[in-house]
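What follows is each chain in one-letter form.
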Amino acid sequence: MEHLEILGARVHNLKNIDLVIPRKKLVVITGLSGSGKSSLAFDTIYAEGQRRYIETFSAYARQFLGNLEKPDVDQIQGLSPVISIEQKTISRNPRSTVGTVTEIYDFLRLLFARAGEAISYESGEKMVRYTHDQILNLVTELYNGKEILLLAPVVKGRKGHYRELFEQIRKQGYLRVMVDGELCDLKPRMSVDRYKTHDIEMVMDQLTVSGKSKSRTKEAIQAAFRHGKGTMMVYETATGKSRHFSHHLMCPTTGISYDEPAPNSFSFNSPYGACNHCNGLGVIYELDPAKVIGPGHLSILKGGILPLREKKHDWLLRQLTAIGKKYDFTLDTPISKIPEEAMNIILHGSEETFQVADSGTTGRRYQMYFDGIASFIKNQYEDASTEALKKWAQSFMSKFPCPQCEGTRLKKESRYFFVDGKNIADLARLPVSDLHKWSQDVENRLTGKQLTIAKEVLVEIRKRLGYLTDLGLNYLSLDRSARSLSGGEAQRIRLASQIGAQLTGVLYILDEPSIGLHQRDNEKLIESLKELRDIGNSVLVVEHDKDMILAADHVVDIGPHAGEHGGKIVGEGPPDAFIKSHTLTADYLRGNKQIPIPAIRREGNGNKLKLLGATGNNLKDANLEIPLGTLCCVTGVSGSGKSSLINQTLYPALHRHFYRVHADTLPFKALEGLEFVDKVIDVDQAPIGRTPRSNPATYTGVFTDIRNLFASLPEARIRGYKVGRFSFNVKGGRCEQCMGAGVSTIEMNLLPDVYVLCDKCQGKRYMKETLEVRYKGKNISDVLEMTIEHALEFFSNIPSITQKIAALQEVGLGYVKLGQPSTTLSGGEAQRIKLAAELSRKDTGNTIYLLDEPTTGLHFEDIRILLEALNKLVGKGNTVVVIEHNMDVIKTADYVIDLGPEGGHEGGEILFMGTPEKLANHDRSLTAGFLAKELNAYLVR
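> What am I meant to see in the overall build of the protein chain here?
For the protein chain, the helix and strand inventory stands at 33 helices and 34 strands. Its C-alpha atoms give the protein chain principal-axis dimensions of about 105 × 85 × 65 Å. For the protein chain, the residues scored as buried account for 53% of the 941 residues in total. Carbon and sulfur atoms make up 49% of the accessible area of the protein chain, which amounts to about 42400 Å² in all. Between the centroid of the 118 positive side chains of the protein chain and the centroid of its 114 negative side chains there is a distance of 4 Å.

> How should I be thinking about the side chain of Thr 408 in this particular structure?
Mapped onto the elements, Thr 408 comes out in the loop between strand S18 (397–401) and strand S19 (417–418). Look at Thr 408 and you get buried, because its relative accessible area is 12%. In terms of polar contacts, Thr 408 uses its side chain to reach the backbone carbonyl oxygen of Cys 405, at 2.7 Å. Not counting chain neighbours up to four residues away, the residues in contact with Thr 408 comprise Arg 415, Ala 425 and Arg 429.

> Just to check I follow, could you spell out the state of the cysteines for this structure?
By definition, a disulfide links the sulfur atoms of two cysteine residues through a covalent bond. In total, this model carries 0 disulfides according to the counting rule given. With no disulfide of its own, Cys 278 lies 3.7 Å from the sulfur of Cys 405, the closest cysteine sulfur.

> Looking at this model, I keep getting lost on the packing of aromatic side chains. Mind explaining?
Given two aromatic rings, one states the distance between the centres and the angle between the planes to describe the pair. Throughout the structure, instances matching the rule amount to 20 aromatic pairs. Plain terms: the ring middles of Phe 794 and Phe 795 are 4.9 Å apart, the flat faces sit at 90° to each other, and that makes the pair edge-to-face. Each member of the pair, Phe 794 as well as Phe 795, is classed as buried. By way of ring pairs, the aromatic residues Phe 112, Tyr 121, Tyr 258, Phe 266, Tyr 416, Phe 417 and Phe 418 are connected into one cluster.

> In this structure, what is going on with the packing of helix H4 (residues 104–115) against helix H16 (residues 448–470)? I would like to understand it.
Two quantities define a packed helix pair, namely the angle between the axes and the distance from one axis to the other. At a minimum axis separation of 10 Å, H4 and H16 run at an interaxial angle of 165°. When the interaxial angle is binned, H4 and H16 end up roughly antiparallel. At the point where H4 passes H16, the crossing takes the left-handed sense. Together, Ile 104, Phe 107, Leu 108, Leu 110, Leu 111, Arg 114 and Ala 115 of H4 and Gln 450, Ile 453, Ala 454, Val 457, Leu 458, Glu 460, Ile 461, Arg 464, Leu 465 and Leu 468 of H16 make up the contact between the two elements. For the contact of H4 with H16, a count of residues per class yields 13 nonpolar, 1 polar and 3 charged.

> Is there a simple way to think about unusual backbone geometry in this case?
Put simply, Gly 559 and Pro 560 share a cis peptide bond, and its omega is 0°. In this fold, Pro 560 is placed in the loop between strand S22 (554–559) and strand S23 (568–573). Following Gly 900, the chain continues into Pro 901 via a peptide bond in cis, with omega recorded as 0°. Locating Pro 901 in the fold gives a position in the loop between strand S33 (895–900) and strand S34 (909–914).

> Is there a simple way to think about the pairing of strand S32 (residues 879–883) in this case?
Strand residues, when the strand is regular, have side chains that alternate between the two faces of the sheet. By the criterion of burial, S32 is predominantly enclosed, with 5 of the 5 residues buried. Across the two faces of S32 the burial is the same, with Thr 879, Val 881 and Ile 883 and Val 880 and Val 882 all buried. Two elements, strand S26 (residues 631–636) and S32, share 4 bridges in a ladder whose sense is parallel. Bridged to Cys 633 within S32 is Val 882. In this sheet, S32 lies alongside strand S31 (residues 847–852) in parallel orientation, the contact comprising 5 bridges. Counted as the bridge partner of Tyr 849 is Val 880 from S32.

Conventions we followed
Residues numbered from 1 in each chain as written. Predicted model: local features only at pLDDT ≥ 70, side-chain atom pairs only at ≥ 80, totals over all residues. Heavy atoms only, no water. Helix = DSSP H or I, 4+ residues; strand = E, 2+ residues; numbered from the N terminus. Buried < 20%, exposed > 50% of the residue type's maximum accessible area, 1.4 Å probe, protein only. Areas by Shrake-Rupley, 256 points an atom, 1.4 Å probe, with all protein chains shown as cover. Lys, Arg positive; Asp, Glu negative; His and termini not counted. Charge placed at Lys NZ, Arg CZ, Asp CG, Glu CD. Polar contact = N/O pair within 3.5 Å; in protein donor to acceptor, adjacent residues only side chain to side chain. Contact = heavy atoms within 4.5 Å. Disulfide = S-S within 2.5 Å. Phe/Tyr/Trp six-rings, centres within 6.5 Å; stacked < 30°, edge-to-face > 60°. Axes fitted to C-alpha atoms, helices over the stretch in contact; angles between N-to-C directions. Parallel < 35°, antiparallel > 145°, perpendicular 65-115°, else oblique. Left-handed = near helix turned anticlockwise from the far one by under 90°. Nonpolar A, V, L, I, M, F, W, Y, C, P; charged D, E, K, R; others polar. Pairing = 2+ DSSP bridges.

In structure tokens form, the structure reads like this:
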């Protein structure tokens, strides 16, 4: 079929829609937030594709996966195999990296296993591998006319008495052994010191090398290899020098050998390649003194040693008392006045003994070693009997690079294989742009067998690196942890993997792939999607980006509004025809509707917050100034350092100052202007909860007021129902089959978990008796099913409830249900719920709000509403700092901070700080050209 036909789709708010979408085209589905885009793309089309896929499994396999319900749709025809590339699907496994997700690291492992040159980590010499004939010729040539011993290594650097080994060698007819470099005659019941480390070699033969002894030499070499399991030694009696030979890779001087390299030798997820100390994670948890030692004015008894603040470990205090007697301090001495040597013992222990008093009344004293708080915390962490105890111990620890592998995750041998002078860890650390350049140039520097082997592998590596570069991810490195990626980065990495897989005949569904992407890189993304289409796939994109909509082959606009007022197809067709229609989206595309530029840019209240000398990640001694009382926008290309500056430096520094808690922050020199600010609030896109139990009503706290209202009703009081009866998180009034979740979880094993409606309460969450209590004819479950818009009207005469609900309506979430599970909310919706929760609270007028790409998932009209809410906060005297690429936000900001000029190591500079008009004329900023175009277009309109 040439088309994908959907007939009678009614999932969520879809109004029985019929739709025909052309196949093997780039199709964009757009519309207001909550209008039904995801319901159509993911909950209808993708869900049906997933269900059909599972139906192809055998009955035996399906019993482990469970059954997926058919989406509420009459018919879907022309459906290809479906692959969904969403923002939430990246692995959170700490072992997952950019290299493993894109499979580029797999090709690098193959390259090093087949073409890597092994170097000895002790002598720096090239490791060698010999055949029998090569060794015979070398021995004959090197030792001609000299007396030698041919030895077979049987013990290398191990402890033991080896009595049985010596007896076994003697029974085989051999008369001598070399023990720790000393020649010994074998005797009955011979042994060595079992507590010392030994090297033991069997003496195969002693001879003077000549042409006549060649046959004898050959036999001795073969015997040496047999007993030495592929290795042997030649000992020159006159000089006492040894030389090693091996069929394996071996250092000819020191004798160390490497196993035969294979791809898993370079994998940190395999025991053959992973560092033994950190098990391939690259980091270890160690005690962090900053998290252990409290303010200097506190004593140990007053909580100066934080692990002892909550739990008064009597035996530890008695040991600290003993240390104090020796170093002249008491448990009441302020931490700042305890001698440095004593503090070091308190933290890390000592080999000296201290006289510790008995806990009883006997007055006895014991000589005891003190292992230190670090050892105590580590033991609690490693041997914790409960998860709570483990978390308690972990709160005093931080991640540090593994000292053995230096954060590379690989064991030493794996790091001593080189291609063009670089090991695999060196290449994994490079930004994609630099690695791509290396892969293009390295063939010119390789020769012979190495070039022949590497050539084909390098083609695949270059191809995949090119896809990442085209998607604007050239600043990432292959060793970057997948869990540290933003939703947009994760989605584009999966897109790069799919392009690299070169599948055809597939329907790809993407959820706003332009998130987190600078306008400069948007064109590259569009070209990548077209490439996916051109190799024979259908590409369906849920998107709001103007450039993406105009570049599509076909546009579908869903609306006209959100929630129950949406769910209809209001416009469709090729972009040039669609833009002439009279939908809200088309109006914005034509310029009939637009987000206005403020007539006056606010200059703030005259005070500034300054962050000086920020050097974390790629930041280059950045000095940041934020005028307080303004809407400030931080922009720059992807990877330029925006998150490093705001999320990882400014926010934790402010959080640590205001709330007196330890927060990991990237390095900086100074933070000035704190006296003008009294609070910082980070409104991020993290889910408001990770289970269906969390929802907008519980997060904003309005559900507590609603439960109080129901508990005060006459029917509830007659029945003796308390507030807890109306909670779905505690026993008493909830449905016990689904534990108040309203859904049951089906673990799909190989696929993401699926939530299906509870067959007992039918998703109502509560027992029948609880649902009999009604307010205005609605029970507690009915209230949770109300949209924000409906609930605002329903509770209009109860100010305590409407105050919190109105804030949700104010940020454009009127279509969301009060009880909508957090698992169904997008990152942008979660962020706006958090913003609404802050709007409903009383502010001080001196608060700093930090938002990271709040336009995620927002239509042009939604952005206009969001900006009104943000300006309302600024109007009260607060400061709003927004990390954003969206030109509508940048052009309306009072103050713009632009980082760049590029991403990765070529970024990290603050290029500009000032008004949007001044930025538009900046010659080094990549944002400037796009902003100038937007400002000029607004003036023309």
